[in-house]
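Working through the structure, step by step
Chain by chain, the residues run as shown.
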Amino acid sequence: MDEFELYDLKVSIEQINGNCTCDHKIGDYFEMKGGKVHLPAGQPFCLYAMQAAIPLLPAKQRPFPERHLYLRTFNEFSVPGVLATLWLVVTQPFSLFFQGLTLQP
C-alpha cells in the first residue's frame, strides 16, 4: 500500500513594517493540516497575505530530498502591501502519515 508523509504547517506573522490595514498583530497565524486551512477561533487572517503564502505550502508540507535542501532553510518570506509589508514564518510542528491514495479526514 502506498504511504506518504505530510507535515502540518503553522504560518505566523513575525514582523509588520508599516501600517497593516487588516489589524494584524505579530503572532497572528493560520495552520494547514493536510489540505485544510485552520484559523484560531475569532481571529481573521488577511486573504491576500494567505494567498501569497499558499503556493509555497505544498512544498513545505513534504519531506525534502537531498537535492532540495534549500527548501528546508526557506522559512521566512515577505508579503508586500500598499501600506505595510508582513513577514511570515512557516514552521512544521507535526508530521502525519497517510496510507493509500486518498486523504481521509
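1. Here we look at unusual backbone geometry
With a phi angle near 60 degrees, D23 is a residue other than glycine that sits in the positive phi range. Judged by its relative accessible area of 60%, D23 is exposed.

2. Quick look at the environment of H38
Following the sequence through the fold, H38 ends up in strand β3 (residues 36-38). In sequence terms H38 and K10 are 28 residues apart; their C-alpha atoms lie 9.4 Å from each other. Not counting residues within four places of it along the chain, the set of residues in contact with H38 comprises F30, E31 and K33.

3. Description of the environment of A49
The residue A49 is located in helix α1 (residues 47-53) in this model. Using a relative accessible area of 2% as the deciding quantity, one classes A49 as buried. Separated by 37 residues in the primary sequence, A49 and L86 have C-alpha atoms spaced 7.8 Å apart.

About the thresholds
- Residues numbered from 1 in each chain as written.
- Predicted model: local features only at pLDDT ≥ 70, side-chain atom pairs only at ≥ 80, totals over all residues.
- Heavy atoms only, no water.
- Buried < 20%, exposed > 50% of the residue type's maximum accessible area, 1.4 Å probe, protein only.
- Helix = DSSP H or I, 4+ residues; strand = E, 2+ residues; numbered from the N terminus.
- Contact = heavy atoms within 4.5 Å.

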